[in-house]
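Examining the three-dimensional arrangement
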Amino acid sequence: MSIALKQVFNKDKTFRPKRKFEPGTQRFELHKRAQASLNSGVDLKAAVQLPSGEDQNDWVAVHVVDFFNRINLIYGTICEFCTERSCPVMSGGPKYEYRWQDDLKYKKPTALPAPQYMNLLMDWIEVQINNENIFPTSVGVPFPKNFLQICKKILCRLFRVFVHVYIHHFDRIILMGAEAHVNTCYKHFYYFVTELNLIDRKELEPLKEMTTRMCH
């Protein structure tokens, strides 16, 4: 990795603190296995498949946390260029606009500038993944019945970060020499959510042409 790229993706650039897995836990072992597969240059399509004998919820939990950390880092590298002036609406080109709703302050879908939307999105995901009732870290504590539904919503919203970054800020990613890194992260994400059917196909439409070129 070039020095410039190391600076782009160093820990100080992270948008917010990383969520880590506790060493010695089953999820830590799965996380290590997933990372080893990626680092070995294995086919990404094969790397996302549920390992034999493993629990699907554990596999999804590991990936949701990992994708949050990675995508949060990607947005952190361009967030100074994503301003209320440059991005007054959270969008993915002229056809797609994303509105924020969280059942707390924003009870109805609300149009917001992209940086405000991103902050709310990352805060909301952070609350979910640090909630022991949703992402239990203790051995033997079961996942909630609606775990996959929550993860689908998290992944759907993380995909919108890719949409905004690719359509509105990819020139900055190229200037920083981070294009290959971001593309690999996107391919990994895309293969994972489609392998386990975790995102509605219509949500993937904004990047359909690019995905067809990159992932098939």
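Computed from a predicted model, the values in this text were never measured in an experiment. (Residues numbered from 1 in each chain as written. Predicted model: local features only at pLDDT ≥ 70, side-chain atom pairs only at ≥ 80, totals over all residues. Heavy atoms only, no water.)

1. Some words on the pattern of salt bridges
Enumeration according to the criterion identifies 5 salt bridges in this entry. For the salt bridge of Arg70 with Asp66, the shortest nitrogen-to-oxygen distance reads 2.8 Å. One end of the pair is Arg70 and the other is Asp66, both in helix H4 (residues 56-78) and 4 residues apart, which spans about a single turn. On the basis of relative accessibility, which here comes to 9%, the residue Asp66 falls in the buried class. The shortest N-O distance in the salt bridge between Lys208 and Glu205 comes to 3.8 Å. (Salt bridge = Lys/Arg side-chain N within 4 Å of Asp/Glu carboxyl O. Helix = DSSP H or I, 4+ residues; strand = E, 2+ residues; numbered from the N terminus. Buried < 20%, exposed > 50% of the residue type's maximum accessible area, 1.4 Å probe, protein only.)

2. Side note on the environment of Gln56
With respect to the helices, strands and loops of the structure, Gln56 is situated in helix H4. With relative accessibility at 31%, the residue Gln56 sits in the partly exposed group. With 92 residues separating them along the chain, Gln56 and Leu148 place their C-alpha atoms 9.5 Å apart. Beyond its immediate stretch of four places on either side in the chain, Gln56 contacts Leu50, Leu148 and Leu196. (Contact = heavy atoms within 4.5 Å.)

3. Considerations on the state of the cysteines
In total, this model carries 0 disulfides according to the counting rule given. Distance from the sulfur of Cys82, which forms no disulfide, to the nearest cysteine sulfur (Cys87) is 3.9 Å. (Disulfide = S-S within 2.5 Å.)

4. Side note on the confidence of the model for the chain
Any residue range with low pLDDT should be treated as having predicted coordinates unsuitable for detailed reading. Across the chain, the average pLDDT comes to 84, with 81% of residues at 70 or higher. Contacts for the low-pLDDT stretch residues 1-15, under 50 throughout, to residues beyond four places or in other chains number 26 contacts. (pLDDT = per-residue confidence, 0-100.)

5. Focus: the UniProt feature "binding site: Zn(2+)" (unreviewed entry) in the chain
As annotated in UniProt, the feature "binding site: Zn(2+)" (unreviewed entry) corresponds to Cys82, Cys87, His164 and His169 in the numbering used here. Spatial clustering of the annotated residues is evident: they stretch over 88 residues in sequence, but the largest pairwise C-alpha distance comes to 10.0 Å. Structurally, Cys87 can be placed in the loop between H4 and helix H5 (114-129). Judged by relative accessible area, Cys87 falls into the buried class, the value being 4%. Its location among the elements puts His169 in the loop between helix H6 (147-168) and helix H7 (170-175). (UniProt positions renumbered as here; feature names shortened; annotations may be inferred.)

6. Some details on the nonpolar core
Counting 63 residues, the largest nonpolar core has Phe135, Tyr186 and Phe189 as the members making the most contacts within it. Looking at this core, the elements with two or more residues in it are H4, H5, H6, H7, helix H8 (179-195) and helix H9 (208-215). Counting residues per element, this core draws most heavily on H6, at 12 residues. Excluding its chain neighbours within four sequence positions, the residues that come into contact with Tyr186 are Phe159, Phe162, Tyr166, Leu207, Met210, Thr211, Met214 and Cys215. (Core = buried A, V, L, I, M, F, W, Y, C linked by side-chain atoms within 4.5 Å.)

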